[in-house]
Amino acid sequence: MSHRPRWHAVPRPWRALLALAVCLGALPLVMLGRSTTDAYAATPVHVYVAGDSTASTYTTSQAPRTGWGQALPVFLNSSAVVVNVAKSGASSKSFIDLGRLDHILGLITKGDYLLISFGHNDEKSDDPTRYTIPATTYRSYLSQYIDKARAKGANPVLITPVERRRFNSAGVITPSHGAYPAAMIELATAKGVPLIDLTASSTRLWNAQGVEGTKNYFMILSAGEYPNYPDGIADNTHFQAYGAIQVARLIARSLSSGAVIPAADFQKLDDAIPTSAIVWPTTAPY
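Notes on the structure follow.

1. A closer look at the overall build of the protein
For step 1, the next point in the chain: Check the secondary structure of the protein and you find 8 helices and 8 strands.
For step 2, the next point in the chain: Evaluated residue by residue, the protein yields a buried proportion of 45% over its 286 residues.

Written as structure tokens, this is what we have:
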């Protein structure tokens, strides 16, 4: 036999008060359920990388060669996901002509970020498919990334090109990017875009490490040191895993300290990161 009170037995004047009490008692549960649902429904912000070979992701057959975009995920937690679309050999112009920017625009959504870093291949005046002029076409192409990302509700971020390992006879880095970094800085100011001066910060790092110390950062490998490079290699532009991690750290610290991306999205900014943290896919992701 049920011992629950029967609704019709409750005096009519008390029914409204009783119903109100039931509703008020349930309200915290309803609110809790709604906030919990929102928490589970929340998706991580995406950080897209548009850049060249210094940023791109390399495969197992190319290890230990590593791009800074490939290393950037180690400094972000589960609230942010890196989508590295950087392509070896790309300039600000050819990246667009190859459809890579359109690919990003098909994925990027409101609140996401687009890191834009070109310059190494824009400098190739002998290649009309990639060459841009700092004061004119370079700025024009970069503006397309900015304007189209903003049109999608995303947040563009300009990053000047990382400096090469080129020391002069005095053991000091020689600038190799000409007017491109300054042109990007001017554009960032004109369009109100956050900028990371990676040219400057990497130059400081290379000078601090010196001629010998920087060899561990770049693809300077002895014969037989790595199976993928049996004859060794002397590449003063591209990074091995350790170097890519340190360049990614420079970028992550600037993004965090400048409040470009919330500091809560970052992790391990001051930790020693082992090269085993790098993931080399068997095939290129894009």
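Read on for the rest.
2. Notes on helix H5 (residues 134-151)
For step 1, the next point in the chain: Here H5 spans 24 Å end to end across 18 residues, near enough to the 26 Å set by a 1.5 Å rise per residue.
For step 2, the next point in the chain: Maximal helix bending in H5 amounts to about 25°, located at Ser-140.
For step 3, the next point in the chain: Within H5, burial applies to Pro-134, Tyr-138, Tyr-141, Leu-142, Ser-143, Tyr-145, Ile-146 and Ala-149.
For step 4, the next point in the chain: Here the buried face of H5 lies against strand E1 (45-51), helix H3 (92-97), helix H4 (100-105), strand E4 (113-117), strand E5 (155-159) and helix H6 (180-191).
For step 5, the next point in the chain: Count one or two residues on from H5 and you reach Gly-153, which has phi positive near 80°.

3. Digging into the sheet that holds strand E6 (residues 195-196)
For step 1, the next point in the chain: With parallel pairing, 5 strands are arranged side by side in an open sheet as E3-E1-E4-E5-E6. For this open sheet the edge positions go to strand E3 (80-84) and E6, each flanked by a neighbour on one side alone.
For step 2, the next point in the chain: Direction of pairing for E5 relative to E6: parallel, over a ladder of 2 bridges. The partner of Leu-158 across the bridge, within E6, is Leu-195.
For step 3, the next point in the chain: Across the face of the sheet, H6 comes into contact with E4, E5 and E6 while running at roughly 150° to E5.

4. So, unusual backbone geometry
For step 1, the next point in the chain: Cis rather than trans, the peptide bond between Ala-63 and Pro-64 has omega equal to 15°.
For step 2, the next point in the chain: Within the secondary structure layout, Pro-64 lies in the loop between E1 and strand E2 (65-66).
For step 3, the next point in the chain: One non-glycine residue, Ala-259, lies in the positive phi region at around 55°.
For step 4, the next point in the chain: Residue position: Ala-259 is located in the segment after helix H8 (241-257).
For step 5, the next point in the chain: Taking the relative accessible area as the measure of exposure, Ala-259 reaches 62% and is therefore exposed.
For step 6, the next point in the chain: You will see that Lys-268, though not glycine, has its phi angle at about 55°, which is positive.
For step 7, the next point in the chain: Counting through the fold element by element, Lys-268 comes out in the segment after H8.

What counts, and at which threshold
Residues numbered from 1 in each chain as written. Predicted model: local features only at pLDDT ≥ 70, side-chain atom pairs only at ≥ 80, totals over all residues. Heavy atoms only, no water. Helix = DSSP H or I, 4+ residues; strand = E, 2+ residues; numbered from the N terminus. Buried < 20%, exposed > 50% of the residue type's maximum accessible area, 1.4 Å probe, protein only. Expected span 1.5 Å × (residues − 1). Bend = angle between axes of the 7 residues up to and from the residue. Contact = heavy atoms within 4.5 Å. Pairing = 2+ DSSP bridges. Axes fitted to C-alpha atoms, helices over the stretch in contact; angles between N-to-C directions.

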